[in-house]
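Structure assessment
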Amino acid sequence: MRGAETKTEALFCYLSPESYVPKDHPLRSIRAMVDKALAELSPQFEAMYSHTGRPSIPPEQLLKALLLQALYTIRSNRLLVEQISYSILFRWFVGLALDEKVWDHSSFSTNLERLIDTDVARLLLAKVVEQARRAKLLSDEHFSVDGTLIEAWASIKSFRPKDGPKPPVGRNTERDFHGEKLKNDTHASTTDPDARIARRSSGKEAKLSYHGHALMENRNGIIVDARITHATGTAERDTAVEMIADVAGNKRITMGGDKGYDTKECVKDLRALKVTPHIAQNTANRRSAIDGRTTRHEGYKTSLRIRKRIEEAFGWLKTVGNLRKTRHRGIAKVDWC
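What you see is a predicted model; the values in this text were computed from it and never measured.

Now for the overall build of the chain. In terms of regular secondary structure, the chain is built from 13 helices and eight strands. In terms of principal-axis extent, the alpha carbons of the chain reach across some 75 × 60 × 60 Å. Of all 337 residues assigned to the chain, the portion counted as buried reaches 38%. In the chain, 64% of the contacts between residues at least 6 apart in sequence involve partners at least 24 apart. For the chain, the accessible area works out to roughly 20,300 Å², and carbon and sulfur atoms hold 52% of it.

So, in structure tokens, the structure goes:
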């Protein structure tokens, strides 16, 4: 017997959004970690907002919505708000009831600007990392570092001489680069002045980019620090020293890295911090700054093998995490994201 299609326009529901979420859904454990971290940040949130006036979107909901945006590869704030409105799973994760009105996308972006002007994103990462440390998931002796280029949201056509005439207003005009040397010293993007022209390696196309950096502990491959800087020739090494200095203490630790970190200055700075540089040797027409004092140990070979796990984080970041090409302009916003 053929079943009849019954269309129900209105429905009374007496179930909570949580009852629709499977018990083994991965967002359950993620939400527990995030809620605990956000609860610890409550004093910082109190200091950010006035005690009078119209209530804003709770910062806890803003941050959890942004986490969904990264986890589910949602390309814009407008689409994020739209999906939260009809997804029971997303409503449950953010903390909205089934009959609660979802914010307008413009209000979401406006409220987000307040958080971008603070360091709350870094504080949230620190709280989650602290949970991993209390669970004894982190190594406090062995780390790895790496960097990657993140393409800026700006066309190469906007990369013009700093002292040249202003570009014409109107449609996307043609640009002839023949015979012109594009350098960061003499040129800048009119769309995103913080972006720098850079290439991944010799023979690759040069693009306007930012430089992303990550510091990973070697026990479980957890990222413990992440930063964005200008894309310069020394950005990777300089930022690596800064990040490892924040975790270095009185005891000796190790830091793994690729051949790009094999310079006398970088190795000298690391040793001054009591950091043993487990860096891949660069012997291409030069002498490596890493000698037998380091390479003869078995731990050196182990660090070189484990350090490659940081590429998994960059791979996730650029495919699932929506940062192959940044959606923001300006180093402050890109770094916060």
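Before going further, it helps to spend a moment on helix 3 (residues 59-71). Look at helix 3: 18 Å from first C-alpha to last across 13 residues, which is about the 18 Å you get at 1.5 Å a residue. Note on helix 3: the residue one or two positions beyond its end, Thr73, has a positive phi of about 55 degrees.

Now for the packing of aromatic side chains. Per the counting criterion, the structure on display carries three aromatic pairs. Note on Trp103 and Phe108: the rings are 5.6 Å apart at their centroids and 25 degrees apart in plane angle, and the pair reads as stacked. Side by side, Trp103 and Phe108 carry an identical accessibility label, which is buried. When the ring centre of Trp153 is taken as reference, the NZ or CZ atom of Lys325 above it lies at 5.1 Å.

With respect to the element layout, Asp146 can be found in strand 1 (residues 142-151). Look at Asp146: it is buried, it has no salt bridge, and the nearest opposite charge is Arg307 at 5.4 Å. Those residues in contact with Asp146 that sit more than four places away from it in its chain are Gly212, His213, Ala214, Glu236, Asp258, Tyr261, Ile310, Glu311 and Phe314.

This part covers the packing of helix 1 (residues 26-40) against helix 3. In contact at an axis separation of 11 Å, helix 1 and helix 3 are set at 145 degrees when each is read in the N-to-C sense. Relative to helix 3, the crossing made by helix 1 is right-handed. Each of Leu27, Ile30, Arg31, Val34, Asp35 and Leu38 in helix 1 lies in contact with helix 3, whose residues at this interface are Glu60, Leu63, Lys64, Leu67, Leu68 and Leu71.

One can find Arg91 in helix 5 (residues 88-94). Of the side chains with opposite charge, Glu100 comes closest to the buried, unpaired Arg91, at an N-O distance of 6.0 Å. Excluding residues that lie within four positions of it along the chain, Arg91 makes contacts with Ile84, Ser85, Leu96, Ala97, Leu98, Glu100 and Val102.

Under the counting rule described, the total for this entry stands at 20 salt bridges. Note that Asp246 is salt-bridged to Arg227, the shortest N-O span being 2.5 Å. You can see Asp246 sitting in helix 8 (residues 235-247) and its partner Arg227 sitting in strand 6 (residues 223-230), a full 19 residues away along the chain.

What follows is about the environment of Glu141. Looking at the secondary structure, you find Glu141 in the loop between helix 7 (120-134) and strand 1. Assessed through its relative accessible area of 35%, Glu141 is described here as partly exposed. Separated by 108 residues in the primary sequence, Glu141 and Gly249 have C-alpha atoms spaced 9.7 Å apart. In this view, Glu141 contacts Lys251, Ile253 and Thr254; residues no more than four positions away in its chain are not counted.

Here we take up the pairing of strand 6. As judged from the seven bridges shared by strand 5 (residues 207-217) and strand 6, these two strands associate in the antiparallel manner. Each bridged residue has a counterpart across the sheet, and for Leu215 the counterpart in strand 6 is Asp225. Linking two consecutive strands that pair antiparallel, namely strand 5 and strand 6, is a turn of five residues; a positive phi of about 70 degrees is found at Gly221 within it.

The rules we used
Residues numbered from 1 in each chain as written. Predicted model: local features only at pLDDT ≥ 70, side-chain atom pairs only at ≥ 80, totals over all residues. Heavy atoms only, no water. Helix = DSSP H or I, 4+ residues; strand = E, 2+ residues; numbered from the N terminus. Buried < 20%, exposed > 50% of the residue type's maximum accessible area, 1.4 Å probe, protein only. Contact = heavy atoms within 4.5 Å. Areas by Shrake-Rupley, 256 points an atom, 1.4 Å probe, with all protein chains shown as cover. Expected span 1.5 Å × (residues − 1). Phe/Tyr/Trp six-rings, centres within 6.5 Å; stacked < 30°, edge-to-face > 60°. Lys NZ or Arg CZ within 6 Å of the ring centre and 35° of its normal. Lys, Arg positive; Asp, Glu negative; His and termini not counted. Salt bridge = Lys/Arg side-chain N within 4 Å of Asp/Glu carboxyl O. Axes fitted to C-alpha atoms, helices over the stretch in contact; angles between N-to-C directions. Left-handed = near helix turned anticlockwise from the far one by under 90°. Pairing = 2+ DSSP bridges.

Spatial relationships are all this shows, so hold off on functional conclusions.
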